[in-house]
Amino acid sequence: MADETKPTPGSGTSQPTGASSSPANTPSSPVTTSSSSTPPAATAAAPAPPAKPTGPVPGPWESPLVDKLRRRHGSGIEATTYLGQSYFVVDRSLLPDFLRVLRDEEAFDYCVDITAVHYPTREKQFEVLWILYSFERNERIRVKTMIADGESVPSVTPIWATANWLEREAFDMFGIKFDGHPDLKRILLPDGWKGHPLRKDYGIIQQDNEWVQINLGIESGQ
Amino acid sequence: MTDPTTYISHLELGERDETFLDSNELIINMGPQHPATHGVLRVILKLDGEKVLGTECVIGYLHRGVEKIAEHRTYAMFNPYVDRMDYVAAVSNGLGYCEAVEKLLNVEAPPRANYVRVILTELNRLASHQLWLGTHALDIGAITPLFYTFRDREEILKIFEKYCGARLTTHAFRIGGCLYETYDGFEREVKKFLDFLEPKIDEYEELLTTNRIWVERTKGVGRISAADCKSLGVTGPVLRASGVKWDLRKAQPYAAYSDFEFDIPTGENGDTYDRYLVRMAEMRQSVRIIRQAVDRIPEGPIMAKIPKVIKPPVGEIYHSIEAPKGELGYFVVSDGSTQPYRVRVRPPSFVNLQALDLMVHGQLVADVIAVIGTLDIVLGEVDR
């Protein structure tokens, strides 16, 4: 809450009154003296630690791998590390080249998993992610990209054969289309099923009643 | 259900192989109600006489939407559900999930809990491998090992029952450690069981390792190379039998595995026989780990200090363990509430099953049975 009440850096520089309003909330004089003398960027950072709960926070991921990929692909790559696990958020347009480089040049030869997360409130609703592992480096990373509903992502079946079923499952559960997949169809649900159950707008007891009635000959699957 | 002919187009019909005696290719269904498919797996086979030209797996008969259920349960409430995926290795499932949530909460289970976890997980690995051996041998035509392994597996289930009251879907662990302290004489009983089991493993091997029928039915059957394994994401004993010395217990140790000495058994040929040898060797290594753990089990609490209401901070985690079948991973996303925003299970059986097509291509129908057995799949986990 202390974060919300503290003045924005811009107002802090132009108006000293803005800086004087913060000690009213936190009656600690050393902070006020330092805030008036130091640049506003430091003021914003100084009160932050006590307000945050103890625990790790996501930070930038710095490694030779990140630098190398940044040089190669330029902008559109965000590298973050959290709880000791690192991930890239890349622009959709960089795929699948980005993934191919990771396999061919950086030895990420094992695609652990391909899945998605649905955030219905965001503009780009789906977060598609690839979990990769390198036997050689003993390192695990994630690559994520955001896509809008109806947008497709390139299939990585030419890169890792395992993507075949994993992409089919993501399609089955979320309705995400993978361009270039050899046989994109449902895998866990029956072929004629309507709807994609792991979308957030699909209810927990919701089902394709029509399919259940026709194929199972019962009123409801419950 | 769906007409099998709808799948035919997906089998590689483009190039027709020369058929023996000019007979027609045959499309047949194996399963889903076939005892050798270990559950409800349906495989559509394209055959030329006895030779397999192509396969197509139809799965999902046991789909219950575990990942959807997770989004509507609290972190603690979802814990027992994971036991029902790979129900012959429920303890491993629970371990993976609990550790994933612990990582997200940034807490660590106390050392004693980790030791108890290792002991029970390795016992479960033994039980899982025993069940695999019994049913796999039964599929191939050796009935005796089934009775032997089920007799001995019973002793493990008794230990589970005494520890937590359940035999199969144990729900042995909780987020933050273990709920139950070990019962009086737990260490003694586990040791007694290991002394009992070790000669039994020799006994299983005596029945099979040099048995001519067994060797003929398994050697050179369902071969898969290390490169194919990596590309297909195949893990666990199948990967190791192809010569890749990789085990998550060593590569990225979790629980207390870094404290113990054990070897990673590997094979050379990547065939059914090597996978059999690898799993037998793994059983001996599990015995070795449990012996060390029981001898060195530290005193102390078995539960970390975790809040009553589990509310991990906003974030995501991927944590995986070496389950008896391969890499079992959990990708958990938290939105800061009491319920997970998303739980993704990376099931080893599902991914390994994908290799079936490659492994049986050009082999005989009877080998399909052997390969399904050697992949050691559990349909509860394939379908979730």
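Residues numbered from 1 in each chain as written. Chains lettered and ligands numbered in written order. Predicted model: local features only at pLDDT ≥ 70, side-chain atom pairs only at ≥ 80, totals over all residues.

## Some words on the overall build of chain A
On a plain count of helices and strands, chain A comes out with ten helices and eight strands. Split into buried and exposed, the 222 residues of chain A put 29% on the buried side. Relative to all contacts within chain A whose residues are 6 or more apart in sequence, the contacts with residues 24 or more apart total 43%. (Helix = DSSP H or I, 4+ residues; strand = E, 2+ residues; numbered from the N terminus. Buried ≥ 20, exposed ≤ 12 C-beta atoms within 10 Å, placed from the backbone. Contact = placed C-beta atoms within 7 Å.)

## Concerning the overall build of chain B
Per the secondary structure count, chain B includes 16 helices and eight strands. Taken over the C-alpha trace, chain B has a radius of gyration of 21 Å; the compact-globule value for 384 residues is 21 Å, and the two agree within 12%. With respect to the principal axes defined by its C-alpha atoms, chain B has extents near 70 × 50 × 35 Å. Taken across its 384 residues, chain B has 54% of its residues classed as buried. (Rg over C-alpha atoms; globule rule 2.2 N^0.38 Å.)

## What to know about the interface of chain B and chain A
Each partner contributes to the interface: chain B provides 34 residues, whereas chain A provides 32 residues. Breaking the side of chain B that touches chain A down by element, the ones donating at least two residues are helix 2 (66-70), helix 9 (226-232), strand 6 (315-323), strand 7 (326-334), strand 8 (340-346) and helix 13 (348-353) of chain B. For the side of chain B that touches chain A, the leading source of residues is strand 7 of chain B, giving four residues. Here the side of chain B that touches chain A is built from residues that sort into twelve nonpolar, 13 polar and nine charged. (Nonpolar A, V, L, I, M, F, W, Y, C, P; charged D, E, K, R; others polar.)

## Re the sheet that holds strand 6 (residues 139-147) of chain A
All names here are of chain A. An order of 1-2-3-6-5-4 is seen for the six strands of this open sheet, with the pairing classed as mixed. Each edge of the sheet is formed by a strand with only one pairing partner; in this case those strands are strand 1 (59-60) and strand 4 (110-118). Two elements, strand 3 (residues 85-90) and strand 6, share four bridges in a ladder whose sense is parallel. Within strand 6, the residue paired with phenylalanine 88 across the bridge is valine 143. (Pairing = 2+ DSSP bridges.)

## Considering the domain arrangement of chain B
Residue and element names in this part refer to chain B. Assigned domains of chain B: these are domain 1 (4-58) and domain 2 (66-383). Taking the mean C-alpha position of each, domain 1 and domain 2 sit 31 Å from one another. In this complex, domain 1 contributes 15 residues to the contact, which on the side of domain 2 involves 16 residues. For the side of domain 1 that touches domain 2, the element with the highest residue contribution is strand 3 (residues 51-58), accounting for four residues. The residue makeup of the side of domain 1 that touches domain 2, split by class, is nine nonpolar, four polar and two charged. (Domains from an automatic or database assignment.)

## Quick word on the sheet that holds strand 8 of chain B
All names here are of chain B. Reading across the sheet, the three strands line up as 6-7-8 and stay open at both edges, with antiparallel pairing between neighbours. Each edge of the open sheet is held by one strand with a lone partner, namely strand 6 and strand 8. Each strand of the sheet is rotated relative to its neighbour by a mean of 15°, with strand direction disregarded. Bridge count for strand 6 against strand 7 is nine bridges, and the pairing is antiparallel. The residue bridging tyrosine 318 from the neighbouring strand is phenylalanine 331, located in strand 7. Relative to strand 6, helix 4 (residues 90-105) is tilted by about 150°, and along the sheet it contacts strand 6 and strand 7. (Axes fitted to C-alpha atoms, helices over the stretch in contact; angles between N-to-C directions.)

## Some points on the pairing of strand 3 of chain A
On a regular strand, each side chain points to the face opposite its neighbour's, so the side chains alternate between the two faces of the sheet. Residue and element names in this part refer to chain A. As paired elements, strand 2 (residues 77-82) and strand 3 share six bridges and run antiparallel to each other. From the neighbouring strand, glutamate 78 faces strand 3, where its bridge partner is valine 89. In textbook terms, the turn of a hairpin is the stretch between consecutive antiparallel strands, and for strand 2 and strand 3 this stretch comprises two residues, one of which, leucine 83, has a positive phi near 55°.

## Here's the deal with unusual backbone geometry
What is expected of a backbone is that most residues other than glycine have negative phi and most peptide bonds are trans. The step from A:Leu95 to A:Pro96 runs through a cis peptide bond, and the omega angle for that step is 0°. One non-glycine residue, A:Leu83, lies in the positive phi region at around 55°. In this fold, A:Leu83 is placed in the loop between strand 2 and strand 3. Since 18 C-beta atoms lie within 10 Å of it, A:Leu83 is described here as partly exposed. Positioned with a positive phi, B:Ala255 is a non-glycine residue whose angle comes to about 45°.

## As for the nonpolar core
The biggest cluster of nonpolar side chains holds 152 residues, and the ones touching the most others in it are A:Leu132 and A:Val143. Element by element, the count of residues in this core is highest for helix 5 (residues 111-140) of chain B, at 14 residues. Summarising the domain contributions, this core has at least three residues from each of domain 1 (4-58) and domain 2 (66-383) of chain B. With residues near it in sequence (within four places) discarded, A:Leu132 still touches A:Leu102, A:Phe108, A:Tyr110, A:Cys111, A:Val112, A:Ile141 and A:Val143. (Core = buried A, V, L, I, M, F, W, Y, C linked by C-beta atoms within 7 Å.)

## A look at the confidence of the model for chain B
In regions of low pLDDT, the predicted coordinates are not meant to be interpreted in detail. Scored by pLDDT, chain B has a mean of 87; 93% of the residues are at 70 or more. Two numbers describe this predicted complex: its pTM, 0.82, and its ipTM, 0.85. (pLDDT = per-residue confidence, 0-100.)

## Remarks on helix 4 of chain B
Residues and elements named next belong to chain B. With 16 residues, helix 4 extends 23 Å from end C-alpha to end C-alpha; this agrees with the ideal 22 Å at 1.5 Å per step. The element helix 4 is extensively covered by neighbouring structure, given that 16 of its 16 residues are classed as buried. Remark: asparagine 106 follows helix 4 within two positions and exhibits a positive phi of approximately 60°. (Expected span 1.5 Å × (residues − 1).)

## Observations concerning the pairing of strand 6 of chain B
All names here are of chain B. Burial within strand 6 is extensive, with nine of its nine residues counted as buried. With burial as the criterion, each face of strand 6 is covered, one bearing Gly315, Ile317, His319, Ile321 and Ala323 and the other bearing Glu316, Tyr318, Ser320 and Glu322. From the end of strand 6 to the start of strand 7, which pair antiparallel, there are two residues.

## Describing the packing of helix 5 of chain B against helix 15 (residues 365-375) of chain B
When two helices pack together, their arrangement is given by the angle between their axes and by how far apart the axes lie. Residue and element names in this part refer to chain B. In the contact formed by helix 5 and helix 15, the axes pass within 9 Å of each other and the chain directions differ by 175°. Considering their axes alone, helix 5 and helix 15 lie roughly antiparallel with respect to each other. Of the residues in helix 15, those touching helix 5 at Thr135, His136, Asp139 and Ile140 are Ile369, Ala370, Gly373 and Thr374. Across the contact of helix 5 with helix 15, the residue classes break down as three nonpolar, four polar and one charged. (Parallel < 35°, antiparallel > 145°, perpendicular 65-115°, else oblique.)

## Some remarks on the packing of helix 6 (residues 144-164) of chain B against helix 7 (residues 186-208) of chain B
Residues and elements named next belong to chain B. Their axes nearest at 11 Å, the elements helix 6 and helix 7 cross at an angle of 165°. The pairing of helix 6 with helix 7 is recorded here as roughly antiparallel in orientation. Remark: the crossing between helix 6 and helix 7 carries left-handed chirality. Here Thr144, Pro145, Tyr148, Thr149, Asp152, Glu155 and Ile159 of helix 6 lie close against helix 7, whose contacting residues are Glu189, Val190, Phe193, Phe196, Leu197, Lys200, Glu203, Tyr204, Leu207 and Leu208. (Left-handed = near helix turned anticlockwise from the far one by under 90°.)

## Observations regarding the environment of B:Ile59
Its place among the elements puts B:Ile59 in the loop between strand 3 and helix 2. For the pair B:Ile59 and B:Leu105, spaced 46 residues apart in the sequence, the C-alpha separation amounts to 35 Å. Ignoring anything within four residues of it in the chain, the contact list for B:Ile59 reads A:Ile187, A:Leu188, B:Leu41, B:Val382 and B:Asp383.

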